[in-house]
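Geometric and topological summary
So the chains spell out like this:
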Amino acid sequence: MLFALAALATAATIPAVLASDGVEVGKPSAMRNLVPAGALEKQAGQQYDQLKRQAAAKQALGPDDHPQVKRLRGIAARMIPFVDRFNPRARQWQWEVNLIGSKQINAFCMPGGKIAFYTGILDTLKLTDDEVAMVMGHEIAHALREHARERMAKNQVTQLGASLLGELVGGGRYSGAFQLGGNLLSLKFSRDDESEADVVGLDLAARAGFDPRAGVTLWQKMTAANARSPLEFLSTHPAGDNRIREIEKHLPEVMPLYSRARQGK
């Protein structure tokens with residue numbers, strides 16, 4: 001299902017955003033400019049379509065009328081109107097939200113707004129709507145802050161050699177040498193990327209009227225479940241007390257957004 005952003009929200013429904021509102025995470029890494037955004041988003045769309053075809057062939061792609069599909073799309077519809085605060089280009093993305101039947105505890109948002117949840121993360125952790133919004137906001141944040149684009153650029157700079165770094169960043173002289181390839185879902189983000197995605201996700205969820213304190217209960221559930229059996233999700237999303245403390249540190253910045261959103265209902 002494609003989400004047309006214009007249909008989700010208009011200027012009349014999106015409150016004015018002050019520069020001082022919510023969290024501040026600074027400018028994205030300039031390194032990402034070495035990888036063409038349009039080409040990466042096209043590649044992501046192709047991989048996403050392939051994933052959907054594979055799931056459909058196994059009868060594991062959630063139909064449009066599935067209750068959990070409706071739930072996920074409803075949560076996304078509340079959050080997407082606020083994405084342009086962190087990436088103006090996201091207004092033009094062809095957003096998609098799908099559910100894949102699998103015991104895998106995972107979810108993702110690929111470049112260009114391609115979101116998928118696995119039934120395992122919903123069923124095993126018994127996520128509330130607020131907790132789903134925390135997961136979704138986190139994954140959307142990776143796409144908005146273009147962490148995959150940055151990660152691919154850094155990986156290729158390493159392959160080309162550190163001696164070229166100055167020329168690459170300074171003038172983009174060798175940007176034509178960068179080639180896209182590989183599975184975007186296998187990229188691993190840095191701890192800084194993960195922390196930034198948590199913070200941006202809290203902001204998005206709060207603006208949409210989801211309780212950002214659910215970020216704490218979500219990671220408590222993740223940690224408890226991982227203690228029982230290692231979670232694949234945590235192989236790329238490290239958990240721990242430090243992560244919860246970082247979320248708690250930013251709650252004073254986002255709770256006013258949540259209160260304002262609730263009052264506007």
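Everything below is about the structure shown above.
So, here's what we can say about the structure. (Residues numbered from 1 in each chain as written. Predicted model: local features only at pLDDT ≥ 70, side-chain atom pairs only at ≥ 80, totals over all residues. Heavy atoms only, no water.)

1. Things to note about the overall build of the protein
Tallying secondary structure elements over the protein gives 11 helices and 4 strands in all. Split into buried and exposed, the 265 residues of the protein put 51% on the buried side. Residue pairs at least 24 apart in sequence account for 77% of intrachain contacts in the protein once pairs closer than 6 positions are excluded. Surface accessibility of the protein: about 12,700 Å² in total, with carbon and sulfur atoms responsible for 52%. (Helix = DSSP H or I, 4+ residues; strand = E, 2+ residues; numbered from the N terminus. Buried < 20%, exposed > 50% of the residue type's maximum accessible area, 1.4 Å probe, protein only. Contact = heavy atoms within 4.5 Å. Areas by Shrake-Rupley, 256 points an atom, 1.4 Å probe, with all protein chains shown as cover.)

2. Here's the deal with the pairing of strand S4 (residues 114-118)
When you tally the buried positions in S4, you get 5 out of 5 residues, the bulk of the element. Neither face of S4 is left uncovered, since the one carrying Lys114, Ala116 and Tyr118 and the one carrying Ile115 and Phe117 both have all their residues buried. Relative to S4, strand S2 (residues 95-100) is paired through 5 bridges, and the arrangement is parallel. Of the residues in S4, the one forming a bridge with Val97 is Ile115. (Pairing = 2+ DSSP bridges.)

3. Comments concerning the packing of aromatic side chains
Applying the stated rule across the entire model yields 3 aromatic pairs. Between Tyr48 and Phe108, the ring centres sit 6.4 Å apart and the planes meet at 85°, which makes this aromatic pair edge-to-face. Within this pair, whereas Tyr48 is found in helix H2 (residues 37-57), its partner Phe108 is found in strand S3 (residues 107-110), the two being separated by 60 residues in sequence. The exposure class assigned to Tyr48 is buried, which follows from its relative accessible area of 1%. (Phe/Tyr/Trp six-rings, centres within 6.5 Å; stacked < 30°, edge-to-face > 60°.)

4. Structural notes on the packing of helix H5 (residues 129-144) against helix H9 (residues 214-228)
Direction vectors running N to C along H5 and H9 enclose 85°, while the axes themselves pass 9 Å from each other. By the angle class used here, H5 and H9 are roughly perpendicular. Contacts from Asp130, Glu131, Met134 and Val135 in H5 reach Ala214, Gly215, Thr217, Leu218 and Lys221 in H9. Grouping the constituent residues of the contact of H5 with H9 by class yields 4 nonpolar, 2 polar and 3 charged. (Axes fitted to C-alpha atoms, helices over the stretch in contact; angles between N-to-C directions. Parallel < 35°, antiparallel > 145°, perpendicular 65-115°, else oblique. Nonpolar A, V, L, I, M, F, W, Y, C, P; charged D, E, K, R; others polar.)

5. A word on helix H8 (residues 191-207)
Helix length check: H8, at 17 residues, gives a terminal C-alpha distance of 25 Å against a target of 24 Å (1.5 Å per residue), a fit within 8%. Of the residues trailing H8, Gly209 is marked for its positive phi of about 90°. (Expected span 1.5 Å × (residues − 1).)

6. Section: the pattern of salt bridges
It is possible for side chains of opposite charge to pair when their charged atoms get near one another. For the structure on display, the rule yields 17 salt bridges. Lys52 serves as the salt-bridge partner of Asp49, at 3.8 Å between the closest nitrogen and oxygen. Highlighted residues: Asp49 and Lys52, both in helix H2, separated by 3 residues, approximately one helical turn. Taken together, the shared-partner salt bridges in this structure form one network comprising Glu24, Arg85, Asp203 and Arg207. (Salt bridge = Lys/Arg side-chain N within 4 Å of Asp/Glu carboxyl O.)

7. Quick word on the nonpolar core
Ranked by internal contacts, the top residues of the largest apolar core, which has 55 residues, are Met79, Trp95, Phe117, Ile121, Met136, Ile140 and Leu144. Among the elements that line this core, the one with the most residues is H5, at 9 residues. Ignoring any residue separated from it by four or fewer positions in sequence, one finds Ile140 in contact with Val83, Trp95, Cys109, Ile115 and Leu204. Counting 10 residues, the second largest nonpolar core, distinct from the first, contains Ala60, Phe108, Met110 and Ala116. (Core = buried A, V, L, I, M, F, W, Y, C linked by side-chain atoms within 4.5 Å.)

8. Notes on unusual backbone geometry
Although it is not a glycine, Gln59 sits at a positive phi angle of roughly 55°. By secondary structure assignment, the location of Gln59 is in the loop between H2 and helix H3 (67-79). Under the relative-accessibility criterion, Gln59 is labelled exposed at 77%. Its identity is not glycine, yet Lys126 carries a phi of approximately 50°, on the positive side. Among the structural elements, Lys126 can be located in the loop between helix H4 (119-125) and H5.

None of this, on its own, says anything about what the molecule does.
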